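Structural description and commentary
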Amino acid sequence: MHQKSLTELRAALDAKTLSAVELAQLFLQRIEAAKNLNAFISVDHDLTLAQAKAADTLIAKGETGVLTGLPIAHKDVFVTRGWTSTAGSKMLANYTSPFDATVVDRLKNAGVVTLGKTNMDEFAMGSSNENSYFGPVKNPWDLKAVPGGSSGGSAAAVAARLAPAATGTDTGGSIRQPASFTGITGIKPTYGRVSRYGMIAFASSLDQGGPMARSAADCALLLNAIASFDPRDSTSLQREDEDYTRYLGQRWSGDDAAKPLAGLRIGLPKEFFGEGLSAEVRSAIDVALKQYEALGATLVEVSLPKTELSIPVYYIIAPAEASSNLSRFDGVRYGHRAAEYTDLLDMYKKSRAEGFGPEVKRRILVGAYVLSHGYYDAYYLQAQKIRRIIAQDFQEAFNHCDVIMGPVAPSVAWNLGEKADDPVQMYLADIYTLSISLAGLPGMSVPCGFGAAGSAHSTRPVGLQIIGNYFNEARLLQVADAFQRASDWHLQSPAGV
Ligand code: GLN
């Protein structure tokens, strides 16, 4: 049962093969048995089972929606009533929210059962999940490897089938990269599609929530539930709701059933395939692209000339916004307060010094610096200008193609500890995800293979990144789903799972 897709689980619940309570129990037991992964920060059986019971009542009354009774885990950056909401930080280690994030609320209203809160890099800052106050998460494919970050707990949970799906957030790659490192499917929607209300803020002009699941089809079902205009989020997109499943299984434009993607033009940015891309990732991506050609798509070279600049630009803008967002954690309004202090200022200083971990402090320092008088023009303003050019480069590329494809990350998952002491090495690994976030475009990761056969990486997954123009999520999901109908990478799971 734990290997089933959301659609299959729906059918099992409808056929009364098992109840929502039994389904929740099954996953709670799996979570318990996989404690060594450290994928969850908090689990509460009573709360989960109460929700499952309520779902069973709805099902018994015949008031069943598509997601009623299906269980999901939430990244601990989404505030949830009942559970703690820590954002992976000591600062919020005991924080309980009086309200639910919009994403949580929408899923709850759809009858979804919460399995618990997943581990993450502190305040979503990181690419390996090693910056969590609650300790690192292990990659279920290889316990020596990181699961990626910052949504590493959600990714590991789905990969190890501790939950059929989970929520994640992506500021510069945090849905796509952990999905890639753990062989699952994740989509970061167009900026503004999914409400940020109740999502503990990192960098507000970049933060975007989205689903992480086993397949594109499951992601589409979840996106239907979570994406909607929200008046409580000032940057929420005011658009009609749409059905993200509507193109699944359809042909792109031609009428040859054997070539469902005939007419699809796939842009390959030459900057995504140059120096720095590992040979094993490159070869898995090449095989996937051949498969797309077999499905009828054509490949065209495009250029995103400012790709390299996305790293300095992102690592100016994101810390700038973070330094401002995190100023609220002062020991008064939220979270940790130092036990001993001499006066108010000393209390602020000690509370923040004790409550934040090293990476968060580093970002606050960088952010305060680039926003300070004398440096604002030289750094922050320049970065904003280049951000605009990066977004324009994508529009130029989309004149020649319908979607863009490339790697999610330059390598497969690295070893725990390997980059932990070298923040710049960690930042460089974000090279293929940051520009999409800076432009606000939708992007996803789809499993497409493993590291080199016979090498120490042979069980470490590779993700293919698919990038679309604004609001093209339904098309991205169609393109990903077509690949998953023709391949079985997304059905594979770690040994013993
Ligand atoms: N790795 C990037 C960072 O550390 C992205 C994280 C994210 O998307 N939340 O900022």
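Residues numbered from 1 in each chain as written. Predicted model: local features only at pLDDT ≥ 70, side-chain atom pairs only at ≥ 80, totals over all residues. Heavy atoms only, no water.

**Focus: the overall build of the chain**
Basically, it comes down to this: Here a strand is any run of E in DSSP of at least two residues, a helix any run of H or I of at least four, and the numbering for each starts at the N terminus. With a 1.4 Å probe rolled over the protein chains alone, any residue whose accessible area is under 20% of its type maximum counts as buried; one over 50% counts as exposed, and the rest are partly exposed. Here a residue-residue contact requires only that any non-hydrogen atoms of the pair lie within 4.5 Å. Note on areas: Shrake-Rupley with a 1.4 Å probe; residue coverage comes only from the protein chains shown.
Of the regular secondary structure elements, the chain holds 15 helices and 11 strands. Summarising its shape, the C-alpha atoms of the chain cover approximately 75 × 55 × 50 Å along the three principal directions. In the chain, which comprises 497 residues, the proportion classed as buried is 61%. Of the contacts made within the chain by residues no fewer than 6 positions apart, 76% connect residues no fewer than 24 positions apart. Roughly 18,400 Å² of accessible area belongs to the chain as shown, and the carbon and sulfur atoms make up 53% of that amount.

**Considering a nonpolar patch on the surface**
Condition: Like-charged residues within 9 Å of one another, or nonpolar side chains (Val, Leu, Ile, Met, Phe, Trp, Tyr) within 5 Å, are grouped into patches, provided each residue has over 30% relative accessible area and no salt bridge. By definition here, a salt bridge exists when the distance from a side-chain nitrogen of Lys or Arg to a carboxyl oxygen of Asp or Glu is within 4 Å.
Taken together, the side chains of Tyr369, Tyr375 and Tyr379 present a nonpolar region at the surface, about 280 Å² in accessible area. As for its position among the elements, Tyr379 is in helix H12 (residues 376-397).

**Brief notes about the nonpolar core**
Considering soluble globular proteins, one finds that nonpolar side chains tend to be buried as a cluster. Basically, it comes down to this: We call a set of buried residues a nonpolar core when its members are Ala, Val, Leu, Ile, Met, Phe, Trp, Tyr or Cys and they connect through side-chain atoms within 4.5 Å of each other.
Grouped together as the largest cluster of nonpolar side chains are 145 residues, with contacts concentrated most on Phe123, Tyr292, Phe394, Met405, Ile466 and Leu477. With nine residues, helix H9 (residues 310-325) is the largest single contributor of residues to this core. When near neighbours in sequence (up to four residues on either side) are disregarded, Tyr292 contacts Leu261, Ile266, Ala297, Met405, Leu464, Ile466, Val479, Ala480 and Phe483. With eight residues, the next largest nonpolar core counts Val146, Ala409, Ala413 and Trp414 among its residues.

**Things to note about the UniProt feature "domain: Amidase" (unreviewed entry) in the chain**
So the rule is basically this: UniProt positions are given in the numbering used here, feature names are shortened, and annotations may be inferred rather than shown by experiment.
Here the UniProt feature "domain: Amidase" (unreviewed entry) sits at residues 22-477. Counted over residues 22-477, helix gives 35% and strand 13%. Its end C-alpha atoms are 31 Å apart.

**Here we look at helix H10 (residues 344-355)**
Put simply, the rule is: Expected helix span is computed as 1.5 Å times (number of residues minus one). This arc corresponds to the set of directions leading from the helix axis out to the C-beta atoms.
For H10, which comprises 12 residues, the first-to-last C-alpha distance of 16 Å matches the rise-based estimate of 16 Å (1.5 Å per residue) to within 8%. Of the positions making up H10, those classed as buried are Asp346, Met347, Ser351 and Gly355. Buried residues in H10, looked at end-on, bunch into an arc of 140°, giving them a common side. When the buried face of H10 is taken as reference, the exposed residues oriented beyond 90 degrees from it are Leu345 and Lys349.

**Let's talk about the UniProt feature "active site" (unreviewed entry) in the chain**
Note the cut-off: In protein, a polar contact requires one atom able to donate a hydrogen and another able to accept it; more generally it is a pair of N or O atoms within 3.5 Å, and residues adjacent in sequence count only if both atoms are side-chain atoms.
In the numbering used here, UniProt assigns the "active site" (unreviewed entry) feature to Lys75, Ser150 and Ser174. Judged by maximum C-alpha separation, these annotated positions cover 100 residues in sequence but sit close together in space, the widest gap being only 11.0 Å. Note that Lys75 resides in strand S2 (residues 71-75). For Lys75, the contacting residues outside a window of four places in its chain are Lys117, Thr118, Met120, Ala124, Ser150, Ser151, Ser154, Thr167, Gly168, Thr169 and Ser174. Among the polar contacts listed, one links the side chain of Lys75 to the side chain of Ser150, at a separation of 2.8 Å.

**What to know about the pairing of strand S3 (residues 113-118)**
Using the following cut-off: Between any two strands, pairing holds if DSSP finds at least two bridges. Seen with the strands pointing away from the viewer, any crossover whose path from the first strand over the helix to the second strand runs clockwise is right-handed.
By the criterion of burial, S3 is predominantly enclosed, with six of the six residues buried. Pairing geometry for strand S1 (residues 40-42) and S3, over two bridges, is antiparallel. Each bridged residue has a counterpart across the sheet, and for Ser42 the counterpart in S3 is Lys117. The pairing of S2 with S3 spans five bridges and is parallel. Each residue of the ladder has a partner; that of His74, found in S3, is Lys117. Handedness of the crossover is the feature at issue here: the chain leaves S2, passes through helix H4 (residues 102-109), returns alongside S3, and the resulting connection is right-handed.

**Let's talk about the packing of aromatic side chains**
Applied cut-off: What counts as a ring pair is set by centres within 6.5 Å for rings of Phe, Tyr and Trp (its six-membered ring), and what kind of pair is set by the plane angle: stacked under 30 degrees, edge-to-face over 60, tilted for all other angles. Placement of a positive charge over a ring is assigned whenever Lys NZ or Arg CZ falls within 6 Å of the ring centre and within 35 degrees of the normal to the ring plane.
For the structure shown, the criterion picks out 19 aromatic pairs. Judged by centre distance (5.3 Å) and plane angle (10°), the rings of Tyr292 and Phe483 are stacked. Of this pair, Tyr292 sits in helix H8 (residues 279-294) while Phe483 sits in helix H15 (residues 473-486), and the two are 191 residues apart along the sequence. An identical accessibility class is assigned to Tyr292 and Phe483; each is buried. Lying across the ring of Trp414, Lys419 places its NZ or CZ 4.8 Å from the centre. Above the face of the Trp252 ring, Arg475 is positioned so that its terminal group lies 4.9 Å from the ring centre.

**Some words on the site of the ligand**
Condition: In this text, near means that some heavy atom of the residue lies within 4 Å of the molecule or strand in question.
Not every one of the 15 residues close to the ligand is listed here, only the nearest: Ala124, Gly172, Ser174, Tyr314 and Arg363. Measuring from a nitrogen atom of the ligand, one finds a side-chain N or O atom of Ser127 at 2.8 Å. Backbone polar atom of Gly172 to an oxygen atom of the ligand: 2.6 Å apart, as the coordinates give it. Expressed as a share of its isolated accessible area of 290 Å², the protein-covered part of the ligand is 99%.

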